[in-house]
Amino acid sequence: MSTEEIRAILTVCLLASYADGAKHDREREQIRQVAQGLAQDQQVNLPSLYQDVLVRRVQLADVLPQLASAEARLLAYEMAVCVCEADGQVSAQEQAFLVQLNEALGQEPTAFAAQAEALACAPLQTAAAATPEMEQAGLPAPHPAVVDALPGTTAQRRTGTLSAADMDRKILHAAILNGAIELLPENLSTLAIIPLQMRMVYQTGQSYGYELDRGHIKDLLAALGVGLTSQYLEEAGRKLLGGLLGKAGKGLLGGLGRQAVSIGMSFAATYALGHVANQYYAGGRALGTQMLRDAYQHVMADGRQLQVQYLPQMQEMARGLNTAKIMQMVRGG
């Protein structure tokens, strides 16, 4: 795929992320940070593309001629669908954008959009079964960062339905699974990471007696600085810029997977989210926004180090995954 096609695909994704015209300043900042974080390739110059979209210097009609190959056109459409679905709801403006994009690209109707919606809107309360590979993953040492951030004494914290060791194991299982999913080339696989993270938070809150809904979980993620749309853009953008999509993606699972440590972030993000959510609900939801964000960044750094340790498990698990299996897990089958 040419550099111009990659630029065009990323521009389409950015246009999709702003299609509803209702982005909060916080969401705009998160997307800007993603653009800065993916700026290693100077030829693509994603920060410049972001600015062009933000100030409306570029329109959909301007970038479509750059999508020369059928592969690039299909990829642009699929990624745009996932961007719009990432937060679990597609507005009328986003739907209109996707229809316009599909017609302009001349794509045949497929089941992709329906599959993406099914993933994004999967029920939170359905538990996904652990795989044997996850059970064999082992446990890291408990991370003290979030515990230290909590106000009050241990006696003032809520008692959950799981032991500390079981909760650590559950969080690690979720991190390894999402890290494995990120190694797969398909866009639907990347989109599945978000609902699996949300379900982990839901189940964590439930273990401490909290019945959560999507709105509460989204608010918690936002307080941590984790945007749903921006997270998908980051994951998918790293794959695209790293050459891990399409045919190039097959080489990752057959080789050493050196790129996975530098490119992938799902293991660390899920690990940090799980531990912060656990201590947040154990502490009666008493942490303020800044304390939550600081704790998340602290544990994220630890997760990045652990990612190297658990990379072999992620690679092994990825070899046994495909889109159908992931769809089944997200749906709770």
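In what follows, the structure referred to is the one given above.
Scoring rules and cut-offs
Residues numbered from 1 in each chain as written. Predicted model: local features only at pLDDT ≥ 70, side-chain atom pairs only at ≥ 80, totals over all residues. Heavy atoms only, no water. Helix = DSSP H or I, 4+ residues; strand = E, 2+ residues; numbered from the N terminus. Areas by Shrake-Rupley, 256 points an atom, 1.4 Å probe, with all protein chains shown as cover. Buried < 20%, exposed > 50% of the residue type's maximum accessible area, 1.4 Å probe, protein only. Polar contact = N/O pair within 3.5 Å; in protein donor to acceptor, adjacent residues only side chain to side chain. Salt bridge = Lys/Arg side-chain N within 4 Å of Asp/Glu carboxyl O. Arc of directions from axis to C-beta. Contact = heavy atoms within 4.5 Å. Phe/Tyr/Trp six-rings, centres within 6.5 Å; stacked < 30°, edge-to-face > 60°. Axes fitted to C-alpha atoms, helices over the stretch in contact; angles between N-to-C directions. Parallel < 35°, antiparallel > 145°, perpendicular 65-115°, else oblique. Left-handed = near helix turned anticlockwise from the far one by under 90°. Nonpolar A, V, L, I, M, F, W, Y, C, P; charged D, E, K, R; others polar.

A. Structural view of the overall build of the chain. Across its full length, the chain holds 18 helices and zero strands. Per element, the accessible surface of the chain, about 14,400 Å² overall, is 50% carbon and sulfur.

B. How the structure looks around the environment of Arg 199. Examined against the element boundaries, Arg 199 turns out to sit in helix 11 (residues 187-207). Judged by its relative accessible area of 3%, Arg 199 is buried. As a C-alpha pair, Arg 199 and Arg 214 span 15 residues in sequence and 9.4 Å in three-dimensional space. Within the structure, Arg 199 has its side chain in polar contact with the backbone oxygen of Met 329 (distance 3.1 Å).

C. Inspection of the pattern of salt bridges at higher detail. All chains considered together, the criterion is met by four salt bridges. For the salt bridge of Arg 169 with Asp 166, the shortest nitrogen-to-oxygen distance reads 2.9 Å. Here Arg 169 pairs with Asp 166, and both are found in helix 10 (residues 164-182), just three residues apart, close to one helical turn. Assessed through its relative accessible area of 29%, Arg 169 is described here as partly exposed. Note on Asp 166: relative accessible area 34%, which makes it partly exposed. Measuring nitrogen to oxygen at the nearest pair gives 3.5 Å for the salt bridge that ties Arg 319 to Glu 316. Here the residue Arg 319 and the residue Glu 316 both occupy positions in helix 17 (residues 289-319), the gap between them amounting to three residues, near one helical turn. Given the relative accessible area of 45%, Arg 319 is considered partly exposed.

D. Representation of unusual backbone geometry. Positive phi outside glycine occurs at Asn 45, with the angle close to 50 degrees. Mapped onto the fold, Asn 45 is located in the loop between helix 2 (25-37) and helix 3 (46-54).

E. Spotlight on helix 18 (residues 323-331). Among the residues of helix 18, Thr 323, Ile 326, Met 327, Met 329 and Val 330 are the ones counted as buried. Buried residues in helix 18, looked at end-on, bunch into an arc of 165 degrees, giving them a common side. Where helix 18 is buried, its residues contact helix 7 (112-120), helix 10 and helix 11. Two or three places before Ala 324, at the opening of helix 18, Asn 322 has a side-chain oxygen 3.2 Å from that residue's backbone nitrogen. Among the residues trailing helix 18, Gly 332 stands out with phi positive, at a value near 90 degrees.

F. Looking closely at the packing of aromatic side chains. Inspection of the entire model under this criterion finds five aromatic pairs. Between Tyr 18 and Tyr 50, the aromatic rings sit 6.4 Å apart at their centres with planes inclined by 50 degrees, giving tilted as the arrangement. Remark: Tyr 50 occurs in helix 3 and Tyr 18 occurs in the loop between helix 1 (3-17) and helix 2; sequence separation between them is 32 residues. We note that Tyr 18, like Tyr 50, is buried. Connected via pairs of aromatic rings, a cluster forms that spans Tyr 210, Tyr 280 and Tyr 281.

G. Highlighting helix 3. Regarding helix 3, the residues found buried are Leu 46, Pro 47, Leu 49, Tyr 50 and Val 53. What you see down the axis of helix 3 is that its buried residues fit within an arc of 160 degrees, all on one side. Phi for Arg 56, located one or two positions after helix 3, is positive at around 65 degrees.

H. Layout of the packing of helix 5 (residues 70-85) against helix 7. At a minimum axis distance of 10 Å, the contact between helix 5 and helix 7 shows a crossing angle of 30 degrees. It follows that helix 5 is roughly parallel to helix 7 by the angle criterion. In the crossing of helix 5 with helix 7, the sense of the turn from one axis to the other is right-handed. Across from Tyr 77, Glu 78, Val 81, Cys 82 and Glu 85 in helix 5, the residues of helix 7 making contact are Phe 112, Ala 113, Ala 116, Glu 117 and Ala 120. Considered class by class, the residues forming the contact of helix 5 with helix 7 number seven nonpolar, no polar and three charged.

I. How the structure looks around the environment of Gln 66. Within the secondary structure, Gln 66 sits in the loop between helix 4 (60-63) and helix 5. Judged by relative accessible area, which is 30%, Gln 66 ranks as partly exposed. In this structure, the C-alpha to C-alpha distance between Gln 66 and Ala 8, residues 58 residues apart in sequence, is 6.2 Å. With residues near it in sequence (within four places) discarded, Gln 66 still touches Glu 4, Glu 5 and Ala 8.

J. Quick look at the packing of helix 1 against helix 6 (residues 92-105). Two numbers describe how helix 1 lies on helix 6: the axes approach to 10 Å, and their chain directions differ by 150 degrees. When the axes of helix 1 and helix 6 are compared, the pair comes out roughly antiparallel. Across the interface between the two elements, Val 12, Leu 15 and Ala 16 from helix 1 touch Glu 94, Phe 97 and Leu 101 from helix 6. Of the residues contributing to the contact of helix 1 with helix 6, the split by class is five nonpolar, no polar and one charged.

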